[in-house]
Amino acid sequence: MQPELTRLTARWLAAGHPAGAIRAHILRGLPDDGTPVHRPGGLLRHLLRDVPPVPAPTPPVPQPPAAAPSPASERLLSPRLIGARECEGSAHVHPMLFRPVNDETLCRRCRD
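Everything quoted here is computed from the prediction, not taken from an experiment. (Residues numbered from 1 in each chain as written. Predicted model: local features only at pLDDT ≥ 70, side-chain atom pairs only at ≥ 80, totals over all residues. Heavy atoms only, no water.)

### Topic: the overall build of the chain
- Secondary structure assignment for the chain yields 5 helices and 2 strands.
- Secondary structure elements of the chain occur, N-terminal to C-terminal, as α-α-α-α-β-β-α.
- Taking all 112 residues of the chain together, the buried fraction comes to 12%.
- Excluding contacts between residues fewer than 6 apart, the proportion of contacts in the chain whose partners are at least 24 apart in sequence is 31%.
- In the structure as shown, the chain presents an accessible area of about 9,300 Å², 59% of it carried by carbon and sulfur atoms. (Helix = DSSP H or I, 4+ residues; strand = E, 2+ residues; numbered from the N terminus. Buried < 20%, exposed > 50% of the residue type's maximum accessible area, 1.4 Å probe, protein only. Contact = heavy atoms within 4.5 Å. Areas by Shrake-Rupley, 256 points an atom, 1.4 Å probe, with all protein chains shown as cover.)

Below, the structure written as structure tokens:
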């Protein structure tokens, strides 16, 4: 069984699929509701039998320059975000937006 599964996996790699994509394909095909798998080799053989074409790479989305928002660019923002600023403190795991009263660069939590 192992040589056959190795050969099937090699076909996926030869077609241009990265190892992570093969792993993700296998994981999507596994039962997720606690159903026992009686023949795991047969399941892998079934999942690896057909090699799909490699998806075409998507072009990168151009990122706007990171500059201070101008009145023209503020019109593109959601009305809820106009005037908001990202906190420059290091206490946040994710970006934290707040509305400054003056020229603050830190949110209330970081100032306190």
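### Considering the packing of helix α2 (residues 19-29) against helix α3 (residues 40-48)
- Relative orientation of the contacting elements α2 and α3 amounts to 120 degrees, with a least axis distance of 10 Å. By the criterion of interaxial angle, the relationship of α2 to α3 is oblique. When the axes of α2 and α3 are compared, the crossing they make is right-handed. Residues I22, H25, I26 and G29 of α2 pack against L43, L44, L47 and L48 of α3.
- Partitioning the contact of α2 with α3 into residue classes produces 6 nonpolar, 2 polar and no charged. (Axes fitted to C-alpha atoms, helices over the stretch in contact; angles between N-to-C directions. Parallel < 35°, antiparallel > 145°, perpendicular 65-115°, else oblique. Left-handed = near helix turned anticlockwise from the far one by under 90°. Nonpolar A, V, L, I, M, F, W, Y, C, P; charged D, E, K, R; others polar.)

### Quick notes on the nonpolar core
- Judged by nonpolar contacts, L5, L8, W12, I22, I26, L47 and L48 together constitute the single largest core of 7 residues.
- Every element with two or more residues in this core is listed here: α1 (2-14), α2 and α3.
- Considering every element that reaches this core, the biggest residue donor is α1, with 3 residues.
- Once you skip the residues sitting within four places of it in the chain, L47 turns out to touch W12, H25, I26 and G29. (Core = buried A, V, L, I, M, F, W, Y, C linked by side-chain atoms within 4.5 Å.)

### Observations concerning the confidence of the model for the chain
- Looking at the chain, the pLDDT average stands at 83 and 88% of residues meet or exceed 70.
- Least confident of the elements in the chain is helix α4 (residues 71-74), whose mean pLDDT is 53; most confident is α1, at 94. (pLDDT = per-residue confidence, 0-100.)

### A word on α3
- Residues of α3 that are buried: G41, L47 and L48. Taken end-on, α3 shows its buried residues confined to a sector of 125 degrees, consistent with a single buried face.
- Of the surrounding elements, those touching the buried residues of α3 are α1 and α2. (Arc of directions from axis to C-beta.)

### What to know about the pattern of salt bridges
- Inspection of the entire model under this criterion finds 1 salt bridge.
- Among the salt bridges present, the one from E4 reaches R45, with a minimum N-O distance of 3.1 Å. A residue pair is termed long-range when its members are at least 10 positions apart, and E4 in helix α1 and R45 in helix α3 qualify at 41 residues. (Salt bridge = Lys/Arg side-chain N within 4 Å of Asp/Glu carboxyl O.)

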